[in-house]
Amino acid sequence: MTQVNEQLVRQMVEKVLGHLQAGWSDRPPPVAGENAPPPISGSAGPRPHVQFQYSPVKMQPGRLGQFTDVGQAVAAAASAQRALMRRSLAQRDEICGLIRQIITDRCDELGRMEYEETKIGHLPHKAEKLLMAAKLARGVEGLATECFSGDHGITLEEHAPWGVIGVVTPVTHSLPTLATNAVNMIAAGNALVCNPHPHGKRVAALGAKLFNQAIHDRFGIDNLICTITEPTIESANAIFKHPDIRLLCVTGGPGVVAAALASGKRAICAGPGNPPVVVDESADLANAARCILEGASYDNNLFCTAEKEVFVVAEVWDAMMDAMAAVGAWRVAAAQMDELAKLCLESPSGGGIPHANRKYVGAEPQTIARLLGLNIPPACRLLYGETSASHPFVQAEQMMPVLPFVRCSGFEEAVELAGAAEHGYRHTSVIHSRLVDHMTHMGKEMDTTLYIKNGPSVAGNGAGGEGYGNYTIACTTGEGIATPLTFTRLRRCTMVDNLRII
Ligand code: NAD
């Protein structure tokens, strides 16, 4: 009895294998919408087995992603990407883990190096930003597959890599941006070539070297993360024009966004912001002050998401200004805000939105206070003062710990002025209120990518709020906070009239 069963099973298995290898052969394909065809007769016999040939991988061992020439960097990254595609998802996950591990274990050393090289921001926050990058950036868990199943069979849509991605990173967070970009992009199956900001090139290159070394040691793949060690506008343009780069990801101000969009390539653009805050009459002012201080002073206001101007309704104006002092911010007079604007901001000669004077971007509040002849306590993290809504400090993305406050007649005026100050970047806005209808109204009016209620701006990027985070927030082109999916292209795989098993 057992023998018969074994024989039967063997015959069935052979028949099924024969069917699988024979394919449709000379049988007519099934008619769409009708029942699946009967089993194949097997007359065609098995097809010869074809061994799939991989093209040989030409790696340049020992470069560890350090290049001066864009062409060589792209060729090396392309080779590394082909090697990555022969690895499993679990191994991609491990590679992301290696990057997270390095920036966690060496956050103090790398953070200090970033601070010493860029000379902007607040030293203790540099290591924290690397820890945030390790914790908040999405990896392979952020990939997804969609499936459609019906009378005509099964269709899968999968998120495939682009290949080699051309990346530009800002001076405000050089290595943190490279690290989160690398985690997202590699999780999605890509390699990258990065043109870092010239003032953050050394820490970016060292980060890439450490990442590549670890990846090479573990998986034998080199140059998955390539950096241009002497980056210039010309090398950025060479990346933008390179025929083997089909996707760009730029994080920076209006200039680089315009250049990437003019390249003719698809570009993920994480452009500038000027996040306004509205404080209404219902707000918990002590909480609002704590949150505004935390967000606006973090790394001396370098985050693109950081609170950049505050609109307060007249009813709570005095109490709010006092609340800011109570949490340790230093109030300066309106005339002193004008004086600081002359020194710390610049207006374009042909008119337009004023911008920060590079000399004071990310400066400590004590340094800026000294411009006014003030000696403020070392623990103070923020200067603030009253301005008009049209004041340069309101209009400019100042990126320094000086926060203008504007007195508004009521909530609607506050939201209107906040909308004007945001300049249509659709980046980030914040409200402090207990009124749900106010929150809803402002959310609709602002139409920003991040909208934070009753918390510091950083909470909208995963730090102290729910959800993942990233240093690339593609507000300009609309992809939002970058994830692995941001760096994929959709591919569809369709099985007609079969494999639906219900
Ligand atoms: P930046 O625009 O001066 O430089 C950004 C990068 O672009 C640098 O690598 C720079 O070398 C390069 N670059 C500048 N002009 C270029 C051009 N014409 N062609 C090619 N490359 C060019 O900005 P930054 O001072 O380094 O960073 C601060 C700016 O970045 C702020 O505006 C801030 O809001 C923005 N930012 C946005 C995000 C976001 O996620 N949306 C994140 C961080 C910073």
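Before reading on, note that the structure itself is shown above.
Quick caveat, the model's predicted, so the values are computed rather than measured.

### Quick look at the overall build of the protein chain
Thinking step 1. Across its full length, the protein chain holds 16 helices and 20 strands.
Thinking step 2. Looking at the protein chain as a whole, 52% of its 502 residues qualify as buried.
Thinking step 3. The contacts of the protein chain with a sequence gap of at least 6 include a subset with a gap of at least 24, amounting to 73%.

### Here's the deal with the sheet that holds strand 4 (residues 164–168)
Thinking step 1. The parallel open sheet is built from six strands, whose spatial order is 1-6-5-4-7-8. Where the open sheet ends on each side, the last strands, each with one partner, are strand 1 (66–67) and strand 8 (266–270).
Thinking step 2. Note: strand 5 (residues 191–195) against strand 6 (residues 225–228), three bridges, orientation parallel. Paired with L192 across the strands is I225, a residue of strand 6.

### Concerning the sheet that holds strand 11 (residues 330–331)
Thinking step 1. Here seven strands make up an open sheet; going across it, the order is 11-14-15-10-9-16-17 and the pairing parallel. Looking at strand neighbours, the two that pair on one side only are strand 11 and strand 17 (450–453), the edges of this open sheet.
Thinking step 2. Inspection of the sheet shows strand 11 paired to strand 14 (residues 383–386) by two bridges, in the parallel sense. Paired with W330 across the bridge in strand 14 is L383.

### Details of the site of the ligand
Thinking step 1. Among the 30 residues in the neighbourhood of the ligand, the closest are listed as T169, G253, G271, E397 and I473.
Thinking step 2. Across the complex, the protein chains shield 89% of the 840 Å² of accessible surface that the ligand would expose by itself.
Thinking step 3. Residue assignment for the shell around the ligand shows that the elements contributing at least two residues are helix 8 (233–241) and helix 9 (254–261).

### Focus on the side chain of T305
Thinking step 1. By the element assignment, T305 lies in the loop between helix 10 (285–297) and strand 10 (309–313).
Thinking step 2. Its relative accessible area of 3% is what places T305 among the buried residues.
Thinking step 3. Discounting chain neighbours no more than four positions away, the residues touching T305 are P275, H427, T428, L450, S457 and I473.

### A few points about the packing of aromatic side chains
Thinking step 1. This structure, assessed with the given rule, holds three aromatic pairs.
Thinking step 2. Taking the centre distance of 5.5 Å and the plane angle of 0 degrees together, the rings of Y298 and F303 count as stacked.
Thinking step 3. We classify Y298 as buried; its relative accessible area is 8%.
Thinking step 4. The exposure class of F303 is buried, given its relative accessible area of 6%.
Thinking step 5. With a centroid separation of 5.8 Å and 15 degrees between ring planes, the pair formed by F303 and Y471 is classed as stacked. With F303 in the loop between helix 10 and strand 10 and Y471 in the loop between strand 17 and strand 18 (473–474), the pair connects residues that are 168 residues apart, well separated along the chain.
Thinking step 6. Among the aromatic residues, ring-to-ring pairing joins Y298, F303 and Y471 into one connected group.
Thinking step 7. Looking at R218, its charged tip hangs above the ring of F219, at a distance of 4.8 Å from the centre.

### A look at the pairing of strand 4
Thinking step 1. A large share of strand 4 lies buried, amounting to five of its five residues.
Thinking step 2. Here strand 4 shows a buried face lined by V164, G166 and V168 and a second buried face lined by I165 and V167.
Thinking step 3. By the bridge criterion, five bridges tie strand 4 to strand 5 in an arrangement that is parallel. Paired with G166 across the two strands is V193, which belongs to strand 5.
Thinking step 4. Note that the unit made of strand 4, helix 6 (residues 174–187) and strand 5 has a crossover that is right-handed.
Thinking step 5. Where strand 4 meets strand 7 (residues 245–251), five bridges bridge the pair, whose relative direction is parallel. Residue G166 lies in a different strand from strand 7, and its bridge partner there is L248.

What counts and how
Residues numbered from 1 in each chain as written. Predicted model: local features only at pLDDT ≥ 70, side-chain atom pairs only at ≥ 80, totals over all residues. Heavy atoms only, no water. Helix = DSSP H or I, 4+ residues; strand = E, 2+ residues; numbered from the N terminus. Buried < 20%, exposed > 50% of the residue type's maximum accessible area, 1.4 Å probe, protein only. Contact = heavy atoms within 4.5 Å. Pairing = 2+ DSSP bridges. Near = heavy atom within 4 Å. Areas by Shrake-Rupley, 256 points an atom, 1.4 Å probe, with all protein chains shown as cover. Phe/Tyr/Trp six-rings, centres within 6.5 Å; stacked < 30°, edge-to-face > 60°. Lys NZ or Arg CZ within 6 Å of the ring centre and 35° of its normal. Right-handed = clockwise from strand over helix to strand, strands pointing away.

Nothing here speaks to function; it is geometry throughout.
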